[in-house]
Amino acid sequence: MEEENAVELLQRFRRDRRILLDFVLAGSLIKKVIMPPGAVTLDDVDLDQVSVDYVLNCAKKGGMLELSEAIRDYHDHTGLPQMNNSGSAGEFFLVTNPESYGSPPKRAPPPLPDYTPPAILAPPPVITPSIPDLDTSPVASSISQSESFNSTQVRELTVDDIEDFEDDDLDEADSLRISRRTRNDATDLALGLPSLKTGITEDDLRETAYEILLACAGAAGGLIVPSKEKKKDKRSKLMRKLGRSRSENVVSQSQRAPGMVGLLEAMRVQMEISEAMDIRTRQGLLNALAGKVGKRMDALLVPLELLCCISRSEFSDKKAYIRWQKRQLNILEEGLLNHTAVGFGESGRKASELRILLAKIEESESLPPSTGELQRTECLRSLREITAPLAERPARGDLTGEVCHWADGYHLNVRLYEKLLVSVFDMLDDGKLTEEVEEILELLKSTWRVIGITETIHYTCYAWVLFRQHVITSEQGILQHAIEQLKKIPLKEQRGPQERLHLKSLHSRVEGKQGFQDLSFLQSFLSPIQKWADKQLGDYHLHFAEVSVMMENIVTVAMITRRLLLEEPEAAAMQSTCAADRDQIESYISSSIKNAFTRILQSLENSDTKHEHHLALLAEETKKLLKKDTTLFMPILSQRHPQATAVSSSLLHRLYGNKLKPFLGGAEHLTEDVVSVFPAADSLEQYMMELILSSCGEETAEIYSKKIIPYQIESISGTLVMRWVNSQLARILGWVERAIQQEKWDPISPQQRHGSSIVEVFRIVEETVDQFFELKVPMRSSELSSLFRGVDNAYQVYANHVIDKLATKEDLIPPVPILTRYRKEVGIKAFVKKELFDPRLPDERRSTEINIRTTPALCVQLNTLYYAINELNKLEDSICERWTRKKPRRSFTNKSIDVKSKSFTQKDTFDGSRQDINAAIDRICEFTGTKIIFWDLREPFINNLYKPSVSLSRFEAVIEPLDTELGQLCDIIVEPLRDRIVTSLLQATLDGLLRVLLDGGPSRVFSLGDAKLLEEDLEILKEFFISGGDGLPRGVVENQVSRVRLVVKLHSYETRELIEDLRSSSGLEMQGGRSKLGADSKTITNIMSQG
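The structure presented is a predicted model; accordingly, all values stated were derived computationally and were not measured.

Parameters at a glance
Within any chain, residue numbers begin from 1 and follow the written order of that chain's sequence. Where totals are concerned, whole chains, interfaces and linings use all residues; where local detail is concerned, this predicted model gives features only for residues with pLDDT of at least 70, and gives and counts side-chain atom pairs only at 80 or more. The basis for every side-chain value is the complete set of non-hydrogen atoms in the structure, without hydrogens or water. The secondary structure listing takes helices from DSSP runs of H or I that are at least 4 residues long and strands from runs of E that are at least 2 residues long, numbered from the N terminus. Only protein chains enter the area calculation, which uses a 1.4 Å probe; residues under 20% of their type maximum are buried, those over 50% are exposed, and those in between are partly exposed. What makes two residues a contact is simply this: any of their non-hydrogen atoms within 4.5 Å. Between N-to-C directions, angles cover 0 to 180 degrees, with each direction set by a line fitted to C-alpha atoms, over the stretch in contact for helices. Any angle that is under 35 degrees is reported as roughly parallel, and any over 145 degrees as roughly antiparallel; angles of 65 to 115 degrees are reported as roughly perpendicular and all others as oblique. When the near helix sits turned anticlockwise from the far one by under a right angle, the crossing is termed left-handed; a clockwise turn instead gives a right-handed crossing. The residue classification treats Ala, Val, Leu, Ile, Met, Phe, Trp, Tyr, Cys and Pro as nonpolar and Asp, Glu, Lys and Arg as charged. All others, Gly included, are polar. One requirement defines pairing of two strands: DSSP has to find at least two bridges between them. Two rings from Phe, Tyr or Trp (for Trp, the six-membered ring) form a pair when their centres sit within 6.5 Å of each other. Planes less than 30 degrees apart are called stacked, planes more than 60 degrees apart edge-to-face, and all others tilted. A ring is scored as having a charge over it whenever the NZ atom of a lysine or the CZ atom of an arginine sits within 6 Å of its centre and within 35 degrees of its normal. Here a patch means residues that are over 30% exposed by relative accessible area and free of salt bridges, tied together within 9 Å if like-charged and within 5 Å if nonpolar (Val, Leu, Ile, Met, Phe, Trp, Tyr). For accessible areas, the Shrake-Rupley method is used with a probe of radius 1.4 Å. Any residue's cover is judged against the shown protein chains and nothing else. A carboxyl oxygen of Asp or Glu within 4 Å of a side-chain nitrogen of Lys or Arg is what we treat as a salt bridge. Two cysteine sulfurs form a disulfide in these notes if their separation is within 2.5 Å. In this scheme, a helix's expected span is set at 1.5 Å multiplied by one less than its residue total. A score from 0 to 100, pLDDT tells how confident the predictor is in each residue. Only four residue types enter the tally: Lys and Arg on the positive side, Asp and Glu on the negative side; His and the chain ends are excluded.

Quick question: what am I supposed to make of the overall build of the chain here?
Scanning the chain from N- to C-terminus turns up 44 helices and six strands. Of all 1091 residues assigned to the chain, the portion counted as buried reaches 48%. Within the chain, contacts between residues at least 6 apart in sequence are counted, and of these 78% link residues at least 24 apart.

Shown next, in the form of structure tokens:
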């Protein structure tokens, strides 16, 4: 805070000091003030370098004041302490704190050395008022006068460079220079023009361009020399601009003078020309026109006239004058010799003489003053005699003397015009045009006839200047103006014949990477723009990652310049591709996609990819790149190439495919890397195909699909998945075998009345199915079909194993006894066929197996199979639902849905196992009923029922053991299978009853009176199974009992009736019919045999 206060206090002291000096010098206290060399008024003098003591002493004495001596006195005493001479003794103001340094030294101080003032301030022996020096204007600031802010040339500072400065001006100028150094690099954007032979700098061209502008303004009567008292403020207008806010205009309309005067002042500031140079040039041009009646100022040979009208005495610094003179001589050489608008013809000798004269004028500065001035005067006279005819030669139809051709030769004229066009930019904000841009452009038209500018050349140069400024500042507004100017450049057929011939004559030979090339005018200016735009668009992912709007404008620039350059014969010959815009767009896409993909590869190589395979990460990054490309860039490129998205997608498909191919070739099993890479690569490919289809339509998409080589991930992955499925199915079959072998057919619990083996089988199957769907690799419906077939086969094997050792029905039923109580040979042979006696009985091994299969075990088997069917249905629903979510991908060229995958939505995938399980259930039910009647109840039912007669052994004796067996069944069997197993028991009971009635053997005798008893027993049997509505449905029982009821009814007929019916039916049976009583012959025969 103390330092800031000290600085403010110092600045206030300096300001008060200047006000005091200005008051003393402007008043009557000083008799006469003699200006230093190069200064006209006090405004040209830096009062900070004037000694106040010297001025006050002159005022006290009332004599003349030589400001040069006052400046010398100031510098002489700069290194000494300040004194106060008002007292009796001299008082010194120490610049140090004596307390911090202790007591003064005891020894004597050293003698004061002689101080030599800087040579740059030494005044010449003769002081005469003159026009202000070219390089002594405050516009120069901390930068050398003849250098622009953009110049990189290093020069030695002179008096002209340090004159008229203030400390705050230095700070502001330095800050401006620093801010300008942060601009973008535009070295890649250089004109296709050869360098000028004389080594003219950019600053030389700028100053010459301003001189031409003044000459053209003078031709319109707008050139006046400003008043010497016009500057009231010490700080120049440039410094005021540098010190104010950037939000303000460079030269506001309210601040500058109206008309041509104000516009030229604005141009001077824009072109960074000092006021001293401006005044000197204006005065020189006016002096040159004096005495030339009828001569236009823009028809003057400006460099020669300025050389003649401006003397050395007008420069305080000899170096500044030499530089100025050298510039004028170089311009003459470039304009009249090196780059002429008109060929020399017979003037070749004059050209060599001109070079000699230019060299002598430059040489005169190194000669003694008298000799050098004489030589310079003579050479200027001779130079006028030679240059006038050369410059006034007619060209392009103009009359002699109408135009002075000294600056309109290619390439000098376009360089000069470029410097004039640069003045349209705001000094404080390079990315904006100045407020007077339209007036400036209109003023510049006045220079066209001097430097040979046509409308095409103007639009081309202006577009170049604007575009280069955009490259430097990245301002979109400047780029839009550049595009407008490019669009204004007329095409070849739109130009007039004279302009076409003129442009055709403008050529330059430039050395490039491929040697020397001959470039036309448009190629020199537009080729750099096109190359720069092509370079940017060749990697648009990098350069336009954040600003897609800029990319759209750059594409427009590239297309316009390309169209204009294709009209040039040389450019058309150099083009190796078709002239269609879409070909160029494809090249941009190809180049940028490859560059972006390469950067992704490099990024992945430098990153840690241990947790995931680099190809999977590459697929993800490639997909992100494609999404960004589609979202940001393709809408722009698609305007000129409708299939741009397809081009981008197909190219990325190929690039990623090249990296993926070796991995696919080495994939043999479902490893972690395969499971990581395959889904990512497949997802990427599907996304690419969707983009192609959505952007091109079906027909065009099919064309691109034929060009694309698919990754075949689905096929390769399907093969690997099939291997995995087969190994898992073999594992499942092994589990089925072990589970069956270990099964004891005991219920797991009262609630879970099935066996444990089916639970183990389902567990391993569900684990396999879960693992199948956890595989994120692409797969086809065939892999799912294989899994279904394998699981279906496993359950079929299980069902077959359950009934594999089950005895047959024939093993349970005992052999049929003999037909009658008599020997067969004495039987009625006419009516009875010979019966073969089957004495077989179950062997011991079979009997053991039958006994092992107890009724509870059979019920557990039935429950287990029923549990299997239920779980199969659930498993099937789960698989179909999960497959629907996983959904096999649609083919790129085929819209139809895969028929196989569609079939999986139906409930028919486990039909094979369902059929086998249901068949096993039916067989076990039948076996269980037959086993209970013919094996477990053989003694009370088959052997003893109705023995020896019906009345002595009724059916009630069988009801109790039958009820016991039925109760045991219903206690274990699950509810859904109850009716099914009871029905099988009913059928077996009826089969046993028929066996007793028809094949009861010789120990049973039935009479006519037994029919009623048998009917009663049949009703008892029926009601037993109906059980008052708690058993089987009455209709089911009635249907089953009906076949036995017919046999019971036959017992009510007499033997005679039976014999007659048997005779009558013998012929009908041959025709497949039955007797009147509804029974076949065998049944009737058996009943008669039992009577």
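Quick question: what am I supposed to make of the packing of helix α19 (residues 476–488) against helix α23 (residues 548–566) here?
Helix-helix packing: each pair is described by the crossing angle between the helix axes and the interaxial distance. The N-to-C vectors of α19 and α23 enclose an angle of 20 degrees; their axes lie 10 Å apart at closest approach. Considering the angle they form, α19 stands roughly parallel to α23. Judged by the twist between their axes, the crossing of α19 over α23 is left-handed. Contact residues: α19 offers Gln476, Leu479, Gln480, Ile483, Leu486 and Lys487, while α23 offers Val549, Met550, Asn553, Ile554, Thr556, Val557, Ile560, Thr561 and Leu564. Along the lines of polarity and charge, the residues of the contact of α19 with α23 split into nine nonpolar, five polar and one charged.

Looking at this model, I keep getting lost on the pairing of strand β5 (residues 507–512). Mind explaining?
Looking down a regular strand, the side chains alternate between one sheet face and the other. By the bridge criterion, six bridges tie β5 to strand β6 (residues 515–520) in an arrangement that is antiparallel. Note on β6: the bridge partner recorded for Val510 is Gln517. Linking two consecutive strands that pair antiparallel, namely β5 and β6, is a turn of two residues.

I'm lost on the packing of aromatic side chains in this one. Help?
The relation between two aromatic rings is expressed through the spacing of the ring centres and the mutual angle of the planes. Summed over the entire model, instances satisfying the criterion amount to 16 aromatic pairs. Taken together, the aromatic side chains of Tyr410, Trp464, Phe521 and Phe525 make up a single cluster linked through ring pairs. The ring of Trp735 carries Arg738 above its face, with NZ or CZ at 5.1 Å from the centroid. Positioned over the ring face of Trp735 is Arg763, at 5.1 Å from the centre of the ring.

Explain a nonpolar patch on the surface here, please?
Taken together, the side chains of Leu20, Phe23 and Leu29 present a nonpolar region at the surface, about 320 Å² in accessible area. Following the sequence through the fold, Phe23 ends up in helix α1 (residues 2–26). For Phe23, a relative accessible area of 59% translates into the label exposed.

Teacher, can you tell me more about the environment of Gly477 here?
With respect to the helices and strands, Gly477 occurs in helix α19. We classify Gly477 as partly exposed; its relative accessible area is 37%.

Is there a simple way to explain the packing of helix α31 (residues 756–774) against helix α32 (residues 781–802) in this structure?
Direction vectors running N to C along α31 and α32 enclose 175 degrees, while the axes themselves pass 12 Å from each other. Taken together, the axes of α31 and α32 lie roughly antiparallel to each other. Along the contact surface, α31 presents Ser757, Ile758, Val761, Phe762, Val765, Thr768, Val769, Phe772 and Phe773, while α32 presents Glu783, Leu784, Leu787, Val791, Tyr795 and Tyr798.

Got a minute to help me understand unusual backbone geometry in this structure?
For residues that are not glycine, phi is negative in most cases, and the peptide bond is trans in most cases. A cis amide bond links Tyr410 to the next residue, His411, at an omega of 25 degrees. By the secondary structure assignment, His411 is in the loop between α14 (369–391) and α15 (412–421). The omega torsion of the bond from Lys947 to Pro948 falls at 0 degrees, within 30 degrees of zero and hence cis. Here Pro948 lies in the loop between α38 (938–943) and α39 (956–972). Positive phi, normally seen in glycine, also occurs at Trp745, with a value near 60 degrees. Along the chain, Trp745 falls in the loop between α30 (713–742) and α31. The phi dihedral of Ser1027 falls on the positive side, at around 55 degrees, and the residue is not glycine. Mapped onto the elements of the fold, Ser1027 is located in the loop between α41 (1010–1026) and α42 (1034–1050). Accessibility expressed as a relative area gives 38% for Ser1027, which makes it partly exposed.

Help me understand the state of the cysteines, please; the structure alone is not making it clear to me.
One way to say it: the disulfide is the covalent bond shared by the sulfur atoms of two cysteines. On inspection of all chains with the given rule, the structure shows zero disulfides. Cys309 supplies the cysteine sulfur nearest to Cys308, a cysteine that is in no disulfide, at a spacing of 6.3 Å.

What is the right way to look at the environment of Trp532 in this model?
The topology assignment puts Trp532 in helix α21 (residues 521–537). Here the alpha-carbon distance between Trp532 and Asp188, two residues 344 residues apart in the chain, equals 7.1 Å. Ignoring sequence-local partners within four residues, the contact set of Trp532 consists of Asp188, Leu189, Phe467, Val471 and Ile554.

Where do I start with helix α7 (residues 202–219) in this structure?
Each α-helix winds once per 3.6 residues, and so residues spaced three or four apart point in a common direction. Given a rise of 1.5 Å per residue, 18 residues ought to cover 26 Å, and the 26 Å separating the end C-alpha atoms of α7 matches this to within 8%. Most of α7 is tucked away: 16 of the 18 residues are buried.

When you look at the pattern of salt bridges in this model, what are you seeing that I'm missing?
If the charged atoms of two oppositely charged side chains come close together, the side chains can form a pair. Under the defined criterion, the tally for this structure stands at 38 salt bridges. With a shortest N-O distance of 3.8 Å, Glu442 and Lys445 are connected by a salt bridge. With its nearest N and O atoms 3.9 Å apart, the salt bridge here joins Glu767 to Arg731. Here Arg731 lies in helix α30 and Glu767 lies in helix α31, a separation of 36 residues in the sequence. A residue is classified by how much of its surface remains accessible, and Glu767, at 29% relative accessible area, is partly exposed. We classify Arg731 as partly exposed; its relative accessible area is 33%. Counted as one network, the salt bridges with shared partners bring together Glu1015, Glu1019, Lys1022, Glu1038 and Arg1045.

I keep staring at the confidence of the model for the chain and nothing clicks. Help me out?
When pLDDT drops low, the exact placement of atoms in the prediction is not to be read closely. When the pLDDT values of the chain are averaged, the result is 78; 77% of them are 70 or greater. Residue range residues 86–90 is modelled with pLDDT below 50. Its contacts to residues more than four positions away, or to other chains, number three contacts. Note that residues 229–254 has pLDDT below 50 and, in this model, 59 contacts with residues that lie over four places away or in other chains.

Could you clarify how one ought to interpret the side chain of Glu365 in this entry?
Mapping Glu365 onto the fold places it in the loop between α13 (348–363) and α14. No salt bridge is formed by the buried Glu365; its nearest oppositely charged neighbour, Arg376, is found at 4.2 Å.

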